[in-house]
Amino acid sequence: MKKIILINGPNLNLLGNRENNIYGNHSLEEIKKQSEEKSAELNLECFFCQSNNEGELINFIHSVEKEYDGLIINPAAFTHTSVALLDALRSISKPKIEIHLSNIYTREEYRKKSITSEGVDGLICGFGSLSYILAIEAINNLIYTK
Ligand code: DQA
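Residues numbered from 1 in each chain as written. Predicted model: local features only at pLDDT ≥ 70, side-chain atom pairs only at ≥ 80, totals over all residues. Heavy atoms only, no water.

## Some words on the packing of helix 2 (residues 28-41) against helix 6 (residues 130-145)
This is how it is decided: Only the stretch in contact is used when fitting a helix axis, every axis being a line fitted to C-alpha atoms; angles between N-to-C directions are given from 0 to 180 degrees. Strands here are runs of E lasting at least two residues and helices are runs of H or I lasting at least four, both read from the DSSP assignment and numbered beginning at the N terminus. Each angle gets one of four labels, with under 35 degrees taken as roughly parallel, over 145 as roughly antiparallel, 65 to 115 as roughly perpendicular, and the rest as oblique. Should the near helix be turned anticlockwise from the far one by less than a right angle, the crossing is termed left-handed; should it be turned clockwise, right-handed. Contacts are assigned to residue pairs with any non-hydrogen atoms lying within 4.5 Å of each other. Ten residues, namely Ala, Val, Leu, Ile, Met, Phe, Trp, Tyr, Cys and Pro, are considered nonpolar, four, namely Asp, Glu, Lys and Arg, are considered charged, and the remaining ones, Gly among them, are considered polar.
The geometry of helix 2 relative to helix 6 is characterised by a closest axis approach of 10 Å and an angle of 25 degrees between their N-to-C directions. One finds that helix 2 runs roughly parallel with respect to helix 6. The hand of the helix 2/helix 6 crossing is right-handed. Contact residues: I31, Q34, S35, K38 and S39 in helix 2; Y132, I133, I136 and E137 in helix 6. For the contact of helix 2 with helix 6, a count of residues per class yields four nonpolar, three polar and two charged.

Below you can see the structure in the form of C-alpha cells.
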C-alpha cells in the first residue's frame, strides 16, 4: 500500500469557526475523515497532520523522502512568506501538490504570490474541502506516473 502525508499549516485547526464565508463550514476533523475515506478508496494510507509551527511543518516535509510516496500540503499563511518551506519542498523528490481551500488569486494582493508552489508539481485551489479530494486523486495518479 502506498503512503501519503497531508500536511496542514497554521490556523487550519480553526476551520469551521474561522471566516466560514471564505473557508467553508467543514472542520479540519471532517476534512480529515473525508480525506482518509478518499485515500482508502484509492488504496492509499493517509497520514493527516496539522501544525501552527513552521519548524514542525519543515520536519513533516523532511520525513517524506524516507517514509512516504507522496505529499499534499496546505501551507496556509506560510504559502506567502516561507522560503524555508520552499527549500524543504525542493529537497523532496516524491510527488508533491499544494492545495488551498480558497482561490488565492482572487483575494488580497499579498495572497496572490505563492512562494511554496515553486517547490511542488502542481497547485489546486478554490474548491473548498473538495481541493483536498482532488489533490488525493492527483497524487495517486502522480505516484504511478511520475
Ligand atoms: C489558505 C489560503 C491562505 O492565504 C490563508 O492564509 C490560509 C488558508 C486556504 O486554504 O485557502 O490560512 O491556505
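Having put the structure on the table, let's press on.
## Quick look at the packing of aromatic side chains
The condition that has to hold: Only Phe, Tyr and Trp rings are paired, with Trp represented by its six-membered ring, and only when their centres lie within 6.5 Å; those with planes under 30 degrees apart are stacked, over 60 edge-to-face, the remainder tilted. Each residue is assigned to one of three classes by its accessible area relative to the maximum for its type, calculated with a 1.4 Å probe on protein chains only: buried under 20%, partly exposed between the two thresholds, exposed over 50%.
For the structure on display, the rule yields three aromatic pairs. Pairing F47 with F60 gives two aromatic rings, centres 6.4 Å apart and planes at 65 degrees, and the pair type is edge-to-face. Here F60 lies in helix 3 (residues 54-62) and F47 lies in strand 2 (residues 44-50), a separation of 13 residues in the sequence. Note on F47: relative accessible area 38%, which makes it partly exposed.

## Describing the site of the ligand
Inclusion rule: In this text, near means that some heavy atom of the residue lies within 4 Å of the molecule or strand in question. A 3.5 Å cut-off defines polar contacts: any pair of N or O atoms within that distance qualifies, except that in protein one atom must be a possible hydrogen donor and the other a possible acceptor, and neighbouring residues in sequence count only when both atoms are side-chain atoms. For every accessible area listed, the method is Shrake-Rupley and the probe measures 1.4 Å; residues are considered covered only by the protein chains on display.
Within the structure, the ligand sits among R18, Y23, N74, A76, A77, H80, H100, L101, S102, I104, R107 and R111. L101 is positioned such that a nitrogen or oxygen atom in its backbone is 2.8 Å from an oxygen atom of the ligand. Starting from 320 Å² of accessible surface for the ligand in isolation, the protein chains cover 99%. Among the residues making up the shell around the ligand, the classes are represented as five nonpolar, four polar and three charged.

## A look at the nonpolar core
Operational definition: Joining through side-chain atoms within 4.5 Å is the link that ties buried Ala, Val, Leu, Ile, Met, Phe, Trp, Tyr and Cys residues into a set, and such a set is a nonpolar core.
Membership of the largest hydrophobic core comes to 21 residues, with the highest contact counts inside it found for I4, L6, I72, I99 and Y132. Those elements that provide at least two residues to this core are strand 1 (2-8), helix 2, strand 2, strand 4 (96-100) and helix 6. The leading source of residues in this core is helix 6, at five residues. Not counting residues up to four positions away in its chain, the partners in contact with I4 are S39, L44, E45, C46, F47, Y68, G70, I72, I136, I139 and I143. Ranked by size, the runner-up nonpolar core spans 17 residues in total, among them L57, F60, L89 and I92.

## Some words on the sheet that holds strand 1
Strand pairing in a sheet relies on backbone hydrogen bonds, with the paired strands running either antiparallel or parallel. Under the convention used in this document: If DSSP finds at least two bridges between two strands, the strands pair.
If you trace the five strands from one edge of the open sheet to the other, you get 2-1-3-4-5, paired in parallel fashion. For this open sheet the edge positions go to strand 2 and strand 5 (122-125), each flanked by a neighbour on one side alone. Averaged over all adjacent pairs, the angle separating strand axes in this sheet is 20 degrees, with direction ignored. Helix 2 rests against strand 1 and strand 2 of the sheet, and its axis sits at about 165 degrees to strand 2.

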